[in-house]
Amino acid sequence: MNDPMTPPGIDPIDRLAILAAALPGAVVRQRRIAAPFDAVWGVIADMEHATPRYEPGVARVRVIEQHGELLRLLVEDTAGREETMDARLRPGWCIMQSPTTVIAFAARRLGNETLLAHLEHRRVPTPMPRRSESHYRRAVSTKIDRELLAIEMIASQDTN
Amino acid sequence: MWCPPSWKVAGNLPKVPANLPGVDPENVTAAQQGDALALDRLLDELGPYVRRLCARIAPAAADDATQEALLAIFRGLPSLRAPEAIMTWVRSVTVRTAIRLARQHDPDVAAEGTPLDRYASSLEGLVDIDDVLARLPVSQRVVLVLRTRDGLTEQEIATALGIPAGTVKSRLHRARAAFREAWES
């Protein structure tokens, strides 16, 4: 019997939803960004220069190793603490992981605009009352929304 | 060459049973423990298989079935007790999801016992086996796909579908007859 065509890859936004399904407590937000895909993804991919511009807790990012899509990053927060992250980066898909945190981005072209989704997840969950949990999720959602807005502004500036 | 701990190159993969093509049980265990890069790799490994199975069982809803099956698989991953049995479990979740979506999207074809004759007038335009398969009732299509495309035994099909092996046998018999009739018409 003949095989069907090679199946298409999973859309990055759908892929992020699948990843989130396996990470209990992960928070995902998305925003339709008024900038072309290449400009938006240029911001995400430029980790060393762009990350401190949209992530308020990060002071510095350095790529210390790279092999194709796989990277190792040294991330310094605004308090001066350093953490190593393993990452995978390709157009439309970025996932970064440290022993304590998972960060991911996914992007889909929408004509001249871009749908950008952003996931944040704590790998070491702290037991907390339900009320605190919902407060935490709201706080993370607000933080992600601000970051998505900042990315839109950077992408728009870079485009103009 | 450096690579993340969970990102093994193919040459380092441990030997796995024949029914686990390309899936590293150690990677499954890491994924179950919330290693996101292991989950990402697992998605690379499972995605094409889930997609192919959904496209054959639910051709009219392949995209939705693939996404729903993968969501169910990744949501349920922590509860999988035996990482080495992942493909059996993935197959079962995928087949059941695809059947449900096929019945929702194509209720006429999906109806149990729908005679293939009903579609005889449109069979002239068939171009390949997948077209014929797509026109079988879902219950017959799925057993034929699993038997001929995945090479499963009747008992394995019964396990995947959660039905008695005798039911699989009779459905296979009807499916083969219906397929032959459609193919030769």
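Just so you know, these numbers come straight off a predicted model, no measurement behind them.

(A) The arrangement of the packing of helix 7 (residues 138–149) of chain B against helix 9 (residues 165–184) of chain B in detail. Residues and elements named next belong to chain B. Where helix 7 contacts helix 9, the axes come no closer than 9 Å and their chain directions differ by 95 degrees. Between helix 7 and helix 9, the angle falls in the class roughly perpendicular. Contacts from Ser139, Gln140, Val143, Leu144 and Arg147 of helix 7 reach helix 9 at Arg171, Leu172, Arg174, Ala175, Arg176, Ala178 and Phe179. Class assignment for the residues of the contact of helix 7 with helix 9 results in six nonpolar, two polar and four charged.

(B) Broad picture of the sheet that holds strand 5 (residues 93–97) of chain A. Residues and elements named next belong to chain A. Taken in spatial order, the seven strands make up an open sheet running 1-7-6-5-4-3-2, and their pairing is antiparallel. Two strands in the sheet have a free side with no partner beyond their single neighbour: strand 1 (27–33) and strand 2 (58–67). Ignoring strand direction, the axes of neighbouring strands in this sheet form an average angle of 20 degrees. Looking at chain direction, strand 5 and strand 6 (residues 101–110) are connected through five bridges and run antiparallel. Bridging from a neighbouring strand, cysteine 94 pairs with phenylalanine 105 of strand 6. The strands touched by helix 2 (residues 37–45) within the sheet are strand 1, strand 4 (82–90), strand 5, strand 6 and strand 7 (113–122), with strand 6 carrying the most contacts at an inclination of about 165 degrees. Here helix 3 (residues 47–54) sits on the sheet in contact with strand 2, strand 3 (70–77), strand 4, strand 5 and strand 6, set at roughly 150 degrees to strand 2.

(C) Structural context of the side chain of B:Gln140. Along the chain, B:Gln140 turns up in helix 7. Filtering out sequence-adjacent residues up to four positions away, B:Gln140 remains in contact with B:Arg171, B:Arg174, B:Ala175 and B:Ala178.

(D) Expanded view of the nonpolar core. By size, the foremost hydrophobic cluster in this structure holds 72 residues, and its most contacted members are B:Leu42, B:Leu46, B:Phe74 and B:Ile86. The leading source of residues in this core is helix 2 (residues 36–57) of chain B, at 12 residues. Leave out the neighbours within four places in its chain, and B:Leu46 touches B:Val23, B:Ile73, B:Phe74, B:Ile86, B:Met87 and B:Val90. In this structure, A:Val58, A:Leu73, A:Val75 and A:Cys94 belong to the second largest nonpolar core, which totals 33 residues.

(E) Inspection of the confidence of the model for chain A at higher detail. Per-residue pLDDT for chain A averages 91, and the proportion of residues at 70 or more is 92%. Counting interchain partners and residues more than four positions distant, the pLDDT-below-50 stretch residues 1–6 of chain A has 12 contacts.

(F) Examining the pairing of strand 7 of chain A more closely. Residue and element names in this part refer to chain A. Within strand 7, eight of the 10 residues are buried, which leaves it mostly tucked inside the rest of the structure. Direction of pairing for strand 1 relative to strand 7: antiparallel, over a ladder of seven bridges. Bridged to arginine 32 within strand 7 is leucine 115. Here strand 6 pairs with strand 7 via 10 bridges, running antiparallel. The residue bridging phenylalanine 105 from the neighbouring strand is histidine 118, located in strand 7. Hairpin geometry of strand 6 and strand 7 is characterised by an intervening segment of two residues between the two adjacent antiparallel strands and by a positive phi of about 60 degrees at glycine 111.

(G) Expanded view of helix 1 (residues 25–32) of chain B. Residues and elements named next belong to chain B. With six of eight residues buried, helix 1 is to be regarded as a mostly interior element. Contact partners of the buried residues in helix 1: helix 2 and helix 4 (86–105). At the N-terminal end of helix 1, a side-chain oxygen is found 2.9 Å from the backbone nitrogen of glutamate 26, two or three residues along, and the residue is aspartate 24. Following helix 1 by one or two positions, glycine 34 has its phi on the positive side, about 90 degrees.

(H) Spatial organisation of the side chain of B:Arg91. Residue and element names in this part refer to chain B. You can see arginine 91 is positioned in helix 4. Side-chain polar atoms of arginine 91 contact the side chain of tyrosine 49, separated by 3.4 Å. Setting aside anything within four residues of it in sequence, one finds arginine 91 in contact with Tyr49, Leu53, Leu146, Asp150, Leu152 and Ala160.

Calculation notes
- Residues numbered from 1 in each chain as written.
- Chains lettered and ligands numbered in written order.
- Predicted model: local features only at pLDDT ≥ 70, side-chain atom pairs only at ≥ 80, totals over all residues.
- Heavy atoms only, no water.
- Axes fitted to C-alpha atoms, helices over the stretch in contact; angles between N-to-C directions.
- Helix = DSSP H or I, 4+ residues; strand = E, 2+ residues; numbered from the N terminus.
- Parallel < 35°, antiparallel > 145°, perpendicular 65-115°, else oblique.
- Contact = heavy atoms within 4.5 Å.
- Nonpolar A, V, L, I, M, F, W, Y, C, P; charged D, E, K, R; others polar.
- Pairing = 2+ DSSP bridges.
- Core = buried A, V, L, I, M, F, W, Y, C linked by side-chain atoms within 4.5 Å.
- Buried < 20%, exposed > 50% of the residue type's maximum accessible area, 1.4 Å probe, protein only.
- pLDDT = per-residue confidence, 0-100.
- Polar contact = N/O pair within 3.5 Å; in protein donor to acceptor, adjacent residues only side chain to side chain.

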